[in-house]
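# Working through the structure, step by step
One-letter residues, chain by chain:
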Amino acid sequence: MQETIQINGYELVYKKPSTLTEKPFHYCPGCGHSVVHRVLMEVIEEMGIQERTIGVAPVGCSVFAYDYMDIDMQEAAHGRATAVATGIKRIHPDKFVFSYQGDGDLAAIGTAETIHAVNRGENILMIFINNAIYGMTGGQMAPTTLLEQVTSTTPYGRKHEAMGYPLKITDLLANLPGAYFVTRQAVHSVNAVRKLKKAIEKSFEYQKLNRGTSFIEVVSNCPSGWKMTPVESNKWLEENMFPMYPLGDIKLPKEK
Amino acid sequence: MEQKTNGKREARLMKGNEALAEAAIRADIDAYFGYPITPQSEILEYFTAEMPKRHGIVLQAESEVAAINMVYGAAGAGGRVMTSSSSPGISLMQEGISYIASAQLPCLIVNVNRGGPGLGTIQPSQGDYFQATKGGGHGDYHLIVLAPASVQEMADFVFDAIRLAEKYRTPAMILADGALGQMMEKVVLPEEGSLPKPEKPWATVGKPAYRKRNIITSLFIEPEKMEGINFQLQDKYTAMQEEVRYEEIALDDAEIALVAFGLSARVCQKAVDIAREKGIRVGLLRPITLYPFPKKAISSLADKVNFLLVVEMNAGQMVEDVELAVNGKKPVYFKGRMGGMIPTPEEVVDRLESLIEKLSISEV
Ligand SMILES: Cc1ncc(C[n+]2csc(CCOP(=O)(O)OP(=O)(O)O)c2C)c(N)n1
Ligand code: SF4
Ligand SMILES: [Mg+2]
């Protein structure tokens with residue numbers, strides 16, 4: 001039975017998880033990073049694994065994740081999160097290890113590390129925030145940027161002739177035998193947030209089994225980089241991102 | 001395996017690379033991460049053969065970039081870890097090494113130097129002296145750098161480098177070369193279990209309720225904080241000066257000093273023998289720690305001798321540090337071979353003789 005807390009006669013039904021620090025998020029209003037941070041930390045609190053979890057935050061808007069997540073963490077160089085996570089996990093195979101990476105980090109500069117970590121079946125959780133842009137450096141093209149999408153380095157829209165196609169790295173990774181659980185989620189609606197939470201829970205459960213990599217893509221927004229209000233960005237995301245990056249499980253563990 | 005007779009450890013005949021790898025296992029390395037490159041692939045191969053039997057971790061990474069970042073992660077998580085490579089691979093690691101230095105993580109990096117620049121040659125070289133001793137990557141930092149000159153030292157310096165790395169929470173490098181890695185010599189291996197592991201209360205191991213979270217980072221966005229970290233690093237480098245090591249050979253009555261490290265020092269040792277037979281009073285100072293550099297020893301040596309000749313397998317790199325130490329007190333000359341060529345002792349003696357003639361101090 002959960003204890004009810006009363007404040008000024010009101011019953012407290014929603015609060016900050018104890019696994020988040022007191023520091024306010026620096027993320028732009030409406031940014032998906034904040035929601036994913038919160039959901040991830042809720043799961044870590046509810047599963048009671050704060051003492052056994054080590055996170056890796058590489059360069060990108062979320063490089064300061066360790067300011068908010070009250071767990072042992074390592075910052076990583078741009079693109080190297082899964083190599084760093086591999087080093088940690090090999091030293092502490094009994095601990096929960098996750099990386100939290102942007103699209104530039106995971107699917108451009110760190111593509112080799114990404115593919116090889118999954119190919120080795122590193123027993124970690126990779127959280128991939130796909131906002132189709134380089135948020136931190138001011139809105140440049142990402143490997144996941146959509147065709148015709150305008151960014152600060154595709155001022156006339158992304159053209160495949162010169163800049164290639166949006167990279168669906170998650171589908172690519174799902175083909176690797178080392179990938180145990182691969183799913184694509186979002187945080188644009190309450191329902192989506194609930195599903196993401198379930199996926200994170202499952203991933204940590206799978207990590208106990210030591211059967212391979214769990215990979216969660218979160219199709220997210222970047223209101224600042226996209227030059228939209230948070231509400232507009234969520235609408236744009238539904239209309240433009242989801243057709244290219246449809247939500248749902250891509251690879252589920254084989255029932256045994 | 002080596003035999004023990006009457007409690008004495010017996011010498012084994014080993015390649016430098018293998019002696020180094022075996023010493024690292026005896027130094028209780030938790031994990032090795034590496035990528036193949038000549039002339040040091042035997043190190044990775046040795047680990048892949050031995051670590052599974054001896055409860056250690058070995059992982060062939062997808063690149064040197066990945067390998068050094070695995071080292072960063074594993075060292076940050078409290079492991080005793082190392083990597084090894086040769087020149088082009090060490091260049092690839094530089095971003096990671098800079099992060100490791102800034103995050104103040106102990107680890108061992110081995111560079112079995114080959115000739116460059118570029119893909120160069122697989123033959124031995126000392127062309128990476130600048131890269132090793134001046135930092136190598138971006139920002140103000142140094143590695144502790146030890147330069148072995150024998151297979152025995154390839155093994156022994158593993159223990160020294162790890163001890164120093166852990167003492168100062170800093171990356172340490174063994175700067176060898178292709179010849180030291182490949183040649184076979186007698187070696188008495190260090191004893192297993194003789195290097196205790198220090199506490200690492202800063203490591204990311206999972207945050208227990210009683211302490212604040214541990215964060216491994218090199219990001220200090222406020223310039224005041226970043227300058228503070230820089231001061232911390234510089235203080236550490238100052239404190240390290242007491243770790244200076246060098247060897248003096250036949251310097252007591254010397255009028256001329258050779259200065260050389262690693263393989264060049266071995267060549268010079270032979271050159272000293274030949275020159276002395278010819279009546280030239282020459283000795284050798286061999287820096288063992290390239291960083292910290294034996295500045296004081298070389299400065300006082302300059303007070304004693306008429307001139308110094310620096311011999312290196314590069315275009316003249318350590319000679320700049322020698323000149324700084326001598327500070328104009330005496331002439332400093334340079335003799336170098338490059339691109340994988342090794343100077344012969346005779347070449348060094350020829351150079352000595354022509355310098356003596358030129359300086360008309362032949363009455364030695
Ligand atoms: C080696 C290196 N190259 C470039 C950068 C600059 N940089 C910082 S973050 C970033 C892009 C981040 O984009 P993403 O990974 O998608 O994360 P987001 O900010 O969108 O969450 C770049 C290019 C860097 N820090 N290091
Ligand atoms: S720049 Fe974009 S990704 Fe970064 S915090 Fe702002 S909205 Fe979020
Ligand atoms: Mg992004």
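Fair warning: this is a prediction, and the values are worked out from it, not measured in the lab.

## A closer look at the coordination of the magnesium ion (ligand 3)
Residue and element names in this part refer to chain A.
- At 2.1 to 2.8 Å from the magnesium ion (ligand 3) lie its protein donor atoms, namely Asp103 (OD), Asp103 (OD), Asn131 (OD1) and Ile133 (O).
- Considering all six donor atoms around the magnesium ion (ligand 3), the spread of angles at the metal, 47 to 169 degrees, places the coordination shape in the irregular class.
- Between consecutive donors of the magnesium ion (ligand 3), the numbers of intervening residues give the motif D-x27-N-x1-I. Placement of Asp103 in helix α4 (residues 103-109) and of Ile133 in the loop between β6 (125-130) and α6 (160-163) is noted, with a sequence separation of 30 residues between them.
- With a relative accessible area of 1%, Asp103 lands in the buried category.

## Comments concerning the packing of helix α1 (residues 16-26) of chain B against helix α7 (residues 151-168) of chain B
Residue and element names in this part refer to chain B.
- As a packed pair, α1 and α7 sit with axes 8 Å apart at the nearest point and diverge in direction by 25 degrees. The angle between α1 and α7 falls in the class roughly parallel. The way α1 lies across α7 gives a crossing that is right-handed. Seen from α1, the contacting residues are Gly16, Asn17, Ala19, Leu20, Ala23, Ala24 and Arg26; seen from α7, they are Val151, Met154, Ala155, Val158 and Phe159.
- Among the residues making up the contact of α1 with α7, the classes are represented as nine nonpolar, two polar and one charged.

## Concerning the layout of surface pockets
Residues and elements named next belong to chain A.
- Taken as a whole, the largest pocket encloses approximately 620 Å³ of empty space.
- Around the largest pocket, the lining is made up of 21 residues, and of these Val13, Tyr14, Lys15, Arg38 and Glu46 lie nearest the centre.
- Counting only elements with at least two residues in the lining of the largest pocket, the list comes to β2 (10-12), α1 (32-47) and α8 (190-209).
- Looking at the lining of the largest pocket element by element, the count peaks at six residues for α1.
- In the lining of the largest pocket, the residues fall into nine nonpolar, two polar and 10 charged.

## Focus on the sheet that holds strand β6 (residues 81-85) of chain B
Residue and element names in this part refer to chain B.
- A sheet is described by the order of its strands in space; here seven strands give the open sequence β5-β4-β6-β7-β9-β8-β15, paired in mixed fashion. Of all the strands in the sheet, just β5 (57-60) and β15 (289-291) have a single pairing partner and so form its edges. The mean inter-strand angle of the sheet, taken between neighbouring strand axes irrespective of direction, is 20 degrees.
- Note: β6 against strand β7 (residues 107-113), four bridges, orientation parallel. Across the sheet, Ser85 pairs through a bridge with Asn111, a residue of β7.

## Examining the site of ligand 1
- Near ligand 1 there are 17 residues, and of these His33, Cys61, Asp103, Gly104 and Gly135 of chain A occur at the shortest range.
- Neighbouring residues of ligand 1 are not confined to one chain but are distributed across chains A and B.
- At 2.9 Å, a side-chain N or O of His33 of chain A approaches an oxygen atom of ligand 1.
- Here an oxygen atom of ligand 1 and a backbone polar atom of Gly104 of chain A are 2.9 Å apart.
- Expressed as a share of its isolated accessible area of 590 Å², the protein-covered part of ligand 1 is 78%.
- Per-class residue counts for the shell around ligand 1 are six nonpolar, eight polar and three charged.

## A word on the site of ligand 2
- Near ligand 2 you find Tyr27, Cys28, Cys31, His33, Cys61, Asn131, Gly135, Cys222, Pro223 and Ser224 of chain A, and these make up its full shell.
- Among the residues making up the shell around ligand 2, the classes are represented as six nonpolar, four polar and no charged.

## What about empty space enclosed by the protein?
Residue and element names in this part refer to chain B.
- Inspection of every chain in the model, using the stated rule, returns two cavities of 30 Å³ or more.
- Within this model, the largest cavity holds a volume of roughly 50 Å³.
- Forming the walls of the largest cavity are Ile29, Gly79, Arg80, Val81, Pro106, Cys107, Leu108, Ile162, Ala165 and Glu166.
- Only β7 and α7 provide two or more residues apiece to the lining of the largest cavity.
- With three residues, the single largest contributor to the lining of the largest cavity is α7.
- Grouping the constituent residues of the lining of the largest cavity by class yields seven nonpolar, one polar and two charged.
- Estimated volume of the second largest cavity: approximately 30 Å³.
- Contributing to the lining of the second largest cavity are Ser125, Gln126, Pro148, Leu175, Ala176, Asp177, Leu180, Phe261 and Gly262.
- In terms of residues, the lining of the second largest cavity owes the most to one element, strand β9 (residues 171-177), which gives three residues.
- Across the lining of the second largest cavity, the residue classes break down as five nonpolar, three polar and one charged.

Cut-offs applied
Residues numbered from 1 in each chain as written. Chains lettered and ligands numbered in written order. Predicted model: local features only at pLDDT ≥ 70, side-chain atom pairs only at ≥ 80, totals over all residues. Heavy atoms only, no water. Donors = N, O, S within 2.8 Å, 3.2 Å for Na, K, Ca; no water. Tetrahedral: all angles 85-135°; square planar, octahedral: opposite > 155°, others 65-115°. Helix = DSSP H or I, 4+ residues; strand = E, 2+ residues; numbered from the N terminus. Buried < 20%, exposed > 50% of the residue type's maximum accessible area, 1.4 Å probe, protein only. Axes fitted to C-alpha atoms, helices over the stretch in contact; angles between N-to-C directions. Parallel < 35°, antiparallel > 145°, perpendicular 65-115°, else oblique. Left-handed = near helix turned anticlockwise from the far one by under 90°. Contact = heavy atoms within 4.5 Å. Nonpolar A, V, L, I, M, F, W, Y, C, P; charged D, E, K, R; others polar. 1 Å grid on protein atoms, 1.4 Å probe; cavity = no way out; pocket = protein on both sides within 12 Å on 5 of 7 lines; lining within 4 Å. Points joined across faces, edges and corners; volume = space filled by probe spheres on them. Pairing = 2+ DSSP bridges. Near = heavy atom within 4 Å. Polar contact = N/O pair within 3.5 Å; in protein donor to acceptor, adjacent residues only side chain to side chain. Areas by Shrake-Rupley, 256 points an atom, 1.4 Å probe, with all protein chains shown as cover.

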